[in-house]
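Tertiary structure, described
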Amino acid sequence: MNGSLIMNVYKKNYEIITDELRRILEAGLIKPGEKLDTIDQLAAQYRVGRSTVREALSHLKALGLVESRQGGGTYVTKPGPQPQAVLDSLQTSNAELAEVLQVRKVLEVGAAELAASHRTEDDIAELGKIVEQMRNAVGNEEISQIYETNFHIAIAKASGNKMLETMMTHVSAAIYRTIQDSRKLWLYSAKDTAGQLFEEHRRLFEAIRDGDPKAAAATMAKHLAQVERALQAAK
């Protein structure tokens, strides 16, 4: 498996590790519910740094293929009711991205409101960790997009509603796509900067952390309205 690390000189290391692990998961070599090797073990296996492995795992998490669990460790997610069939039908046209955004507005405003009421200390710690990752990644768009996706999924988890969390996980790849496109449009428009995008997510985190459902819902609604305007501007 390490041969791919040598042969593909055009991809970044974390992208190569992501592709390698994704092939393993799709081949069923690691079953849903099973635990992946530790970061140290994967780093040693692929002869890369621990930060590279973390980035690869963050990408897989953004795609809904793995999840972190309380007590430590990364696990393969359990398959849902044919989510891949939905994802395969999605293309990058504005019309289809608009449909994904409609789903996001329905799910995520309510998720933010619920998260502010039901978040646990573990949820706050997880969201805070991702916000710090986002802060450190400002200026690195590839990684920022992954962390932002993970942040939105973590909010659904913090809602305390397992069905909502499952639905968000199943459409995470589509959410990742809207985040990719909208961030590109924002940053090229010169109206917003990466720092301003981070601050918006920081305020959302603080509303959830402080237990303010109205502020959390309003901040999420404002954020998604900006996403909608960015995508509409590309029509």
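Per chain, residues are indexed from 1 in the order of the written sequence. Where local features are concerned, this predicted model is filtered to residues with pLDDT of at least 70; where side-chain atom pairs are given and counted, the filter is 80 or more; whole-chain, interface and lining totals use all residues. The basis for every side-chain value is the complete set of non-hydrogen atoms in the structure, without hydrogens or water.

1. Describing the overall build of the protein chain
On a plain count of helices and strands, the protein chain comes out with 12 helices and 2 strands. Reading the protein chain from its N end, one meets helices and strands in the order α-α-α-α-β-β-α-α-α-α-α-α-α-α. Here the term buried applies to any residue with accessible area under 20% of the maximum for its type, exposed to any over 50%, and partly exposed to those in between, with areas from a 1.4 Å probe on protein chains only. Here the protein chain holds 235 residues, and the buried ones make up 42% of them. Contact criterion: two residues are considered in contact whenever any of their non-hydrogen atoms come within 4.5 Å of each other. In the protein chain, once contacts between residues fewer than 6 apart in sequence are set aside, the share between residues at least 24 apart is 72%. When the accessible surface of the protein chain is split by element, carbon and sulfur atoms take 52% of a total near 12100 Å². Secondary structure elements are taken from DSSP: a helix is a run of H or I of four residues or more, a strand is a run of E of two residues or more, and numbering for both begins at the N terminus. Every accessible area reported is derived by Shrake-Rupley at a probe size of 1.4 Å, with residue values counting cover from the shown protein chains alone.

2. Looking at the environment of Phe-198
Summarising the element assignment, Phe-198 is placed in helix α11 (residues 194–209). What makes Phe-198 buried here is its relative accessible area of 6%. Filtering out sequence-adjacent residues up to four positions away, Phe-198 remains in contact with Val-131, Met-134, Arg-135 and Val-138.

3. Quick notes on the packing of aromatic side chains
Aromatic rings from Phe, Tyr and Trp, with only the six-membered ring used for Trp, were paired whenever their centres fell within 6.5 Å, and each pair was classed as stacked if the ring planes differed by under 30 degrees, edge-to-face if by over 60, and tilted otherwise. According to the stated counting rule, one finds 0 aromatic pairs in the structure shown. The ring of Tyr-75 carries the charged tip of Arg-69 above its face, separated from the ring centre by 4.1 Å. Ring-over charges, as used throughout, are those where CZ of Arg or NZ of Lys falls within 6 Å of the ring centre and within 35 degrees of the ring normal.

4. A closer look at the packing of helix α2 (residues 13–26) against helix α4 (residues 50–62)
Look at α2 against α4: their axes get within 8 Å of each other, and the N-to-C directions meet at 55°. The pairing of α2 with α4 is recorded here as oblique in orientation. Considering how the two elements wind past one another, α2 and α4 form a crossing that is right-handed. Together, Asn-13, Tyr-14, Ile-17, Thr-18, Leu-21 and Arg-22 of α2 and Thr-52, Glu-55, Ala-56, Leu-57, His-59 and Leu-60 of α4 make up the contact between the two elements. When the residues that make up the contact of α2 with α4 are grouped by side-chain class, the tally is 6 nonpolar, 4 polar and 2 charged. To obtain an axis, a line is fitted to C-alpha atoms, over the contacting stretch when the element is a helix, and the angle between two such axes runs from 0 to 180 degrees between their N-to-C directions. Relative orientations are named as follows: roughly parallel for angles under 35 degrees, roughly antiparallel for angles over 145 degrees, roughly perpendicular for angles from 65 to 115 degrees, and oblique for any other angle. Here is the rule for handedness: rotate from the far helix to the near one, and if that takes an anticlockwise turn smaller than a right angle the crossing is left-handed, while a clockwise turn gives right-handed. Nonpolar residues are Ala, Val, Leu, Ile, Met, Phe, Trp, Tyr, Cys and Pro. Charged residues are Asp, Glu, Lys and Arg, and all others, Gly as well, are polar.

5. Here's the deal with the pattern of salt bridges
Where charged atoms from two side chains of opposite charge approach closely, those side chains can pair. By definition here, a salt bridge exists when the distance from a side-chain nitrogen of Lys or Arg to a carboxyl oxygen of Asp or Glu is within 4 Å. Enumeration according to the criterion identifies 15 salt bridges in this entry. Across the pair Glu-165 and Lys-162 runs a salt bridge whose closest N-O atoms are separated by 3.8 Å. Here the residue Glu-165 and the residue Lys-162 both occupy positions in helix α9 (residues 162–170), the gap between them amounting to 3 residues, near one helical turn. According to the relative accessible area criterion, Glu-165 is buried, its value standing at 15%. Taking the relative accessible area as the measure of exposure, Lys-162 reaches 62% and is therefore exposed. One salt-bridge network, held together by shared partners, links Lys-61, Glu-126 and Lys-129.

6. A look at the nonpolar core
Nonpolar side chains tend toward joint burial in soluble globular proteins. We call a set of buried Ala, Val, Leu, Ile, Met, Phe, Trp, Tyr and Cys residues a nonpolar core when their side-chain atoms join them within 4.5 Å. Core analysis: the biggest nonpolar cluster contains 43 residues, and Leu-127, Phe-151, Ile-155, Leu-204 and Ile-208 have the highest contact counts within it. Elements represented by at least two residues in this core include exactly α6 (94–118), α7 (121–136), α8 (141–158), α9, α10 (172–189), α11 and α12 (213–233). The greatest single-element share of this core, amounting to 8 residues, is contributed by α8. By size, the runner-up hydrophobic cluster in this structure holds 16 residues, among which are Ile-30, Val-48, Val-53 and Val-76.

7. Points about the confidence of the model for the protein chain
Note: pLDDT gives the predictor's confidence per residue, expressed from 0 to 100. Here the protein chain averages 83 in pLDDT, while 85% of its residues score no lower than 70. Ranking the elements of the protein chain by mean pLDDT puts helix α1 (residues 3–7) last, at 41, and α7 first, at 94. In this model, residues 1–10 is a region of pLDDT below 50 whose contacts with residues beyond four sequence positions or in other chains number 13 contacts. This model gives residues 80–91 a pLDDT under 50, and the stretch forms 13 contacts once residues within four places in sequence are excluded.

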